[in-house]
Amino acid sequence: MLIDIVEWYDKEKKEFLLWIWEQTILNLATKCDTKKIFAFLKNVWIVNIDEHEQKVYVGVSNEISMASIKKFLGKQIKESIKTVYNPQFDVDFVIYTPFLNWWDLTLDLKKVLNLKEDKKTRTIEPKIKNKLSEYFGILFDPKFTFDSFVAGANNNFAFSAAKAVADNPWTAYNPLFLYGNVGLGKTHLMQAIWNQIMANNPDKVIVYLPTSKLIDEIVEALKKNNLNTLLSKFDNVDALLLDDVQFLSGKDKTQEVFHNIFNDFESKQKQIILSWDRPPKELINIEPRLKSRFGKWIVVDLKSPDFETRIAILQSKLDAKGESMDYELLEIIAKYITSNVRELEWALNTLLTRKNLMWCDLKEDDVIDCLRTLGYIEAKNEMENSKIAEMNTKSAQNFWKIVEMAAEYYGLSVSDLKSDSRKQEITMARQLLMLIAKKYYGWTLEKVWDYFGWKNHASVIYAINNIEKKLKSNKELAHDYNVFVERVEQ
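These remarks concern the structure in this document. (Residues numbered from 1 in each chain as written. Predicted model: local features only at pLDDT ≥ 70, side-chain atom pairs only at ≥ 80, totals over all residues. Heavy atoms only, no water.)

**Let's talk about the overall build of the protein**
When you go through the protein residue by residue, the secondary structure sums to 23 helices and 8 strands. Looking at the protein as a whole, 46% of its 490 residues are labelled buried. Relative to all contacts within the protein whose residues are 6 or more apart in sequence, the contacts with residues 24 or more apart total 74%. (Helix = DSSP H or I, 4+ residues; strand = E, 2+ residues; numbered from the N terminus. Buried < 20%, exposed > 50% of the residue type's maximum accessible area, 1.4 Å probe, protein only. Contact = heavy atoms within 4.5 Å.)

**Section: the packing of aromatic side chains**
Tallying each qualifying case throughout the model produces 15 aromatic pairs. Centre to centre, the rings of F149 and F159 are 5.7 Å apart; their planes meet at 15 degrees, and the pair counts as stacked. You can see F149 sitting in the loop between α6 (126-136) and α7 (156-167) and its partner F159 sitting in helix α7, a full 10 residues away along the chain. Side by side, F149 and F159 carry an identical accessibility label, which is buried. (Phe/Tyr/Trp six-rings, centres within 6.5 Å; stacked < 30°, edge-to-face > 60°.)

**Observations regarding the nonpolar core**
Counting residues in hydrophobic clusters, the biggest one holds 34 residues, and the most contacted among them are F399, L417, L433 and L471. When residues of this core are traced back to their parent elements, those giving at least two are α18 (388-410), α20 (424-440), α21 (445-452), α22 (457-471) and α23 (475-489). (Core = buried A, V, L, I, M, F, W, Y, C linked by side-chain atoms within 4.5 Å.)

**Observations regarding the sheet that holds strand β2 (residues 55-60)**
With mixed pairing, 3 strands are arranged side by side in an open sheet as β1-β2-β3. Here the strands that pair on one side only, and so sit at the sheet edges, are β1 (45-50) and β3 (90-95). Averaged over neighbouring strand pairs, the angle between their axes works out to 30 degrees when direction is ignored. Relative to β2, β1 runs antiparallel, the two sharing 5 bridges. Residue pairing for β2: I49 is matched across the bridge by V56. (Pairing = 2+ DSSP bridges. Axes fitted to C-alpha atoms, helices over the stretch in contact; angles between N-to-C directions.)

**A short note on the environment of L435**
If you trace the backbone, L435 turns up in helix α20. Each C-alpha atom of the pair L435 and N466 lies 9.9 Å from the other, and the pair is 31 residues apart in sequence. In contact with L435, other than residues within four places in its own chain, are Y440, I464, I467, E468, L471 and Y481.

**Observations regarding helix α16 (residues 364-373)**
Along α16, the positions that sit buried rather than exposed are E364, V367, I368, C370 and L371. Down the axis of α16, the buried side of the element spans an arc of 160 degrees, and every buried residue falls inside it. Away from its buried face by more than 90 degrees, α16 exposes D365 and T373. Directly after α16, the chain includes G375, whose backbone phi takes a positive value near 95 degrees. (Arc of directions from axis to C-beta.)

**Quick word on the pattern of salt bridges**
Counted by the stated rule, this structure contains 12 salt bridges. E217 serves as the salt-bridge partner of K213, at 3.2 Å between the closest nitrogen and oxygen. Taken together, the residues span about one helical turn, with K213 and E217 both in helix α9 (residues 211-223) at a distance of 4 residues. E217 gets classed as buried once you look at its relative accessible area, which sits at 12%. Salt-bridge contacts for K224 lead to E220; the nearest nitrogen and oxygen are separated by 3.2 Å. Exposure remark for E220: the relative accessible area of 35% places this residue in the partly exposed category. Here the salt bridges do not stand alone but share partners, grouping D235, D264 and K268 into one network. (Salt bridge = Lys/Arg side-chain N within 4 Å of Asp/Glu carboxyl O.)

**What about the sheet that holds strand β7 (residues 271-276)?**
Backbone hydrogen bonds are what pair the strands of a sheet, in a parallel or an antiparallel way. On the basis of which strands lie adjacent, the open sheet formed by 5 strands has the order β5-β6-β7-β4-β8 and parallel pairing. Lying at the two open borders of the sheet, with one neighbouring strand each, are β5 (206-210) and β8 (298-301). When the angles between neighbouring strand axes are averaged without regard to direction, this sheet yields 15 degrees. Examined bridge by bridge, β5 and strand β6 (residues 239-243) share 5 bridges and lie parallel to one another. Each residue of the ladder has a partner; that of P210, found in β6, is D243. Packing of α9 onto the sheet brings it into contact with β5 and β6, and relative to β5 it is tilted by some 95 degrees.

**Quick look at the pairing of β2**
Of all the 6 residues making up β2, 5 are buried; the element is thus mostly covered by neighbouring parts of the structure. Turn length for the β1-β2 hairpin, with the two strands adjacent in sequence and antiparallel, is 4 residues, and the turn residue Q54 shows positive phi of about 55 degrees. Alignment of β2 against β3, held across 6 bridges, turns out to be parallel. Bridge pairing in β3 places V58 opposite F93.

**Structural notes on unusual backbone geometry**
A positive phi angle, close to 55 degrees, is found at Q54, a residue other than glycine. One can find Q54 in the loop between β1 and β2. Q54 gets classed as partly exposed once you look at its relative accessible area, which sits at 37%. Even without glycine at this site, N225 takes up a positive phi of about 55 degrees. By secondary structure assignment, the location of N225 is in the loop between α9 and α10 (227-235).

Below is the structure:
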């Protein structure tokens, strides 16, 4: 469940919610291990109490966190809230979007639970870490971080799962399996996890390996009859990230060795993260016992990015390079390269190279020529693509007529519809127009929020999702919507 965004709380309500949550945590500590509470609830708070509905809403940031909290602490949290606040109130866990960007209902759980640093935490000698790094090879890239990963509808669940593992390794998200086609960001997420765990746990040994590298190590160990030496290396490893597991296909002896490593890590509750290019059941020539083990844990997939996400990826790559490009040109690239992030970057790098070599700004013809050279556009479509800018201009002019119609229909002004007013009649009309712009004019999220002067993509997504939901239950609103759609289709 996703509840409406609350943008601010007055001081009295904020202090009240914080006090109830603090008392809940203290009550919970009498029933559960405090370290477990800290691991699961450091980014969880009470976000609202509805006296009319008699409900207490506990907010979490994503679906992964919600599933784990419900599984491991859900019953105890509900009991504690009922004890602390009111036994007649129900407790609902909700996904709360402000957690994605900001939140000021913070509670210092370490202070509340009186948690101190564990003096007995194992510290591994630097020389052992150096030997392991030298043995397995330095195969990570520090540029792969969560901040540089563009999350969209196609991969938000995978991103949330990976981030949750990086924030809380060795807990509920173990093992974690990622799958998706080539070029969709599996390796980026794997290495982002590696970088963050290493930054937060410098005393731990985290090993990231492409499966091909592990296969080479096992084959070499078998040749030299020193497999036990290889396996002993993994005794000092706290977390193993293995990329492209599908390459184990058909290698029976290697699969047997890997199965032993997997069992050892799982029994000792060491972190395991694996990636491959297809769902577990579709892995070819992988032992049934391995496929069965893979399928029973948390498995998340990365899909091809949608149009808006492809635009965001291109813009992110430009920002990282300190370059810029007209938005209309990015739209052309995103329109024709649809399934692979690497190919988006490949085309972008090709265009930037042309720009820097020719010492001139890129034009629409340059982009079309580049995409045709790379095989994304056939020669016969060149004429069609040269009219994109003209079509966009006509689209904007036609949409303006719908905006004027909506203003007259509701007795408002155009400036009202493009304002940030929260009045219900203005909000509903504005959201209807956003949905029409997206659905019937093919406008991107950025173009929508730029037209209405909104802050970001997230606010537009929320507005469109909200109005679509209300159209299903509000007949009067649905009638208004159909009136505008009929005008669009004329």
